[in-house]
Amino acid sequence: MLQTKPKSDYNYGYINNKNSSNNKKTKNSIDFKTIISFILIVTIIALILISYICQSVNITRLNYTLTKLSKEYDKIQEENHKLNIELARNKSLARIEKLARNDLHMSEPDRVEVVVLNKEEEIKKDTVPEQKKTYFAQVLGKFFNKSVKAEELDN
């Protein structure tokens, strides 16, 4: 096998100088491109972090608002419950009777009078014939004749 040995006295400087000047230009341009890409990547990461922080702050603010509204809702529910109890207390018949007797000085009547009308008496009382009444009066008359009836009192 053949082997060659480099000559020590041969001048390789021309080749090395030519390559070193090209390497300097390439290193400068690579360094500039690397710096620009690094700045771009850092900017993108910073924007992502800022948007994440803004969302976290917004979620925290909304949670505080939700907690506040929940407490307000519970307070209103409690007040509504108290008002319903007060309404039931004020609508009770025992309370109304007590107010009528004590404050308004009302008393129960001594005797109860009930007037019962027969169908014949109702017809005699109706002096205007059904045909001469307006349509609205006819409808109202039929409605009241069917729905309003005196009932017997159990005493």
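Residues numbered from 1 in each chain as written. Predicted model: local features only at pLDDT ≥ 70, side-chain atom pairs only at ≥ 80, totals over all residues. Heavy atoms only, no water.

Novice: Would you mind going over the overall build of the chain with me for this structure?
Specialist: A count of helical and extended segments in the chain gives four helices and zero strands. Taken from N to C terminus, the helices and strands of the chain fall in the order α-α-α-α. Of all 155 residues assigned to the chain, the portion counted as buried reaches 1%. Summed over all atoms, the accessible surface of the chain reaches about 16,100 Å², with 60% contributed by carbon and sulfur. (Helix = DSSP H or I, 4+ residues; strand = E, 2+ residues; numbered from the N terminus. Buried < 20%, exposed > 50% of the residue type's maximum accessible area, 1.4 Å probe, protein only. Areas by Shrake-Rupley, 256 points an atom, 1.4 Å probe, with all protein chains shown as cover.)

Novice: What am I meant to see in a nonpolar patch on the surface here?
Specialist: A surface patch of nonpolar side chains, about 390 Å² in accessible area, is lined by Ile35, Phe38, Ile39 and Val42. With respect to the helices, strands and loops of the structure, Ile39 is situated in helix α1 (residues 13–91). (Patch = residues over 30% accessible without salt bridge, like charges linked within 9 Å, V, L, I, M, F, W, Y side chains within 5 Å. Salt bridge = Lys/Arg side-chain N within 4 Å of Asp/Glu carboxyl O.)

Novice: Honestly, the pattern of salt bridges in this entry has me stumped. Any pointers?
Specialist: Any two side chains of opposite charge can pair if their charged atoms end up close together. Evaluated as defined, the whole model comprises four salt bridges. In this structure, Arg101 engages Glu97 in a salt bridge whose closest nitrogen and oxygen atoms are separated by 3.0 Å. Within this pair, Arg101 and its partner Glu97 are both found in helix α2 (residues 93–102), separated by four residues, close to a single helical turn. When the shortest N-O distance is used, the salt bridge between Arg101 and Glu108 registers 3.0 Å. On the basis of relative accessible area, Arg101 is assigned to the partly exposed category, the value being 37%. A relative accessible area of 56% means that Glu108 is categorised as exposed. Within the structure, one salt-bridge network assembled from shared partners comprises Glu97, Arg101 and Glu108.

Novice: I would appreciate a short explanation of unusual backbone geometry in the present structure.
Specialist: Negative phi characterises most residues that are not glycine, and trans characterises most peptide bonds. A positive phi angle is found at His105, which is not glycine, with a value near 55°. Along the chain, His105 falls in the loop between α2 and α3 (119–125). Its relative accessible area of 66% is what places His105 among the exposed residues.

Novice: What is the right way to look at the confidence of the model for the chain in this model?
Specialist: Fine structural detail should not be taken from predicted coordinates in areas where pLDDT scores are low. Overall, the prediction assigns the chain a mean pLDDT of 77, with 60% of residues at 70 or greater. Confidence drops under a pLDDT of 50 for residues 147–155, and excluding neighbours within four residues, the segment shows three contacts in the predicted structure. (pLDDT = per-residue confidence, 0-100. Contact = heavy atoms within 4.5 Å.)

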